[in-house]
Amino acid sequence: MPKYVIERELPGAGALSPDQLHGISAKSCGVLREMGPSIQWVESFVTDDKIYCVYLAPNEEAIREHATKGGFPANRISRIRTMIDPSTGEEAMAPAKAS
């Protein structure tokens, strides 16, 4: 299933209390339950003024539907094409040659 990152502009997001974050999360989970298993929330990252969410979804429209039903902003939705990490830059370890 395609993976997306959603940028949600939310001024003051980094100052939200644990109770406020719980409420946002609970609302999102409720909408996801209503929508069924075709869309899944993977994780989110909270910065000072934005929340970046990673979702699995069949298409961008499903993500927009979730945002509309939950009352969440979805300012930018980008499909993730591939992932890299520090190991991507490492050379493959060749087996040692026998002497």
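Predicted, not measured: the structure shown is a model, and the values here were computed from it. (Residues numbered from 1 in each chain as written. Predicted model: local features only at pLDDT ≥ 70, side-chain atom pairs only at ≥ 80, totals over all residues. Heavy atoms only, no water.)

### Quick notes on the pattern of salt bridges
Summed over all chains, the structure comprises 3 salt bridges. Its salt-bridge partner being Glu-60, residue Arg-64 comes within 3.1 Å of it at the nearest N-O pair. Of this pair, Arg-64 and Glu-60 both sit in helix H2 (residues 60–70), separated by 4 residues, roughly a single helical turn. The class for Arg-64 is partly exposed, based on a relative accessible area of 38%. Residue Glu-60 is classed as partly exposed on the basis of its relative accessible area of 29%. One salt bridge in this structure joins Glu-65 and Lys-69, with 2.9 Å as the shortest N-O distance. With Glu-65 and Lys-69 both in helix H2 and 4 residues apart, this pair spans about one turn of that helix. (Salt bridge = Lys/Arg side-chain N within 4 Å of Asp/Glu carboxyl O. Helix = DSSP H or I, 4+ residues; strand = E, 2+ residues; numbered from the N terminus. Buried < 20%, exposed > 50% of the residue type's maximum accessible area, 1.4 Å probe, protein only.)

### Re the side chain of Arg-8
Looking at where Arg-8 falls in the secondary structure, it is placed in strand S1 (residues 3–9). Glu-7 provides the closest opposite charge to the buried, salt-bridge-free Arg-8, at an N-O distance of 11 Å. Those residues in contact with Arg-8 that sit more than four places away from it in its chain are Asp-49, Lys-50, Ile-51, Cys-53, Tyr-55, His-66, Ala-67, Phe-72, Pro-73, Ala-74 and Asn-75. (Lys, Arg positive; Asp, Glu negative; His and termini not counted. Contact = heavy atoms within 4.5 Å.)

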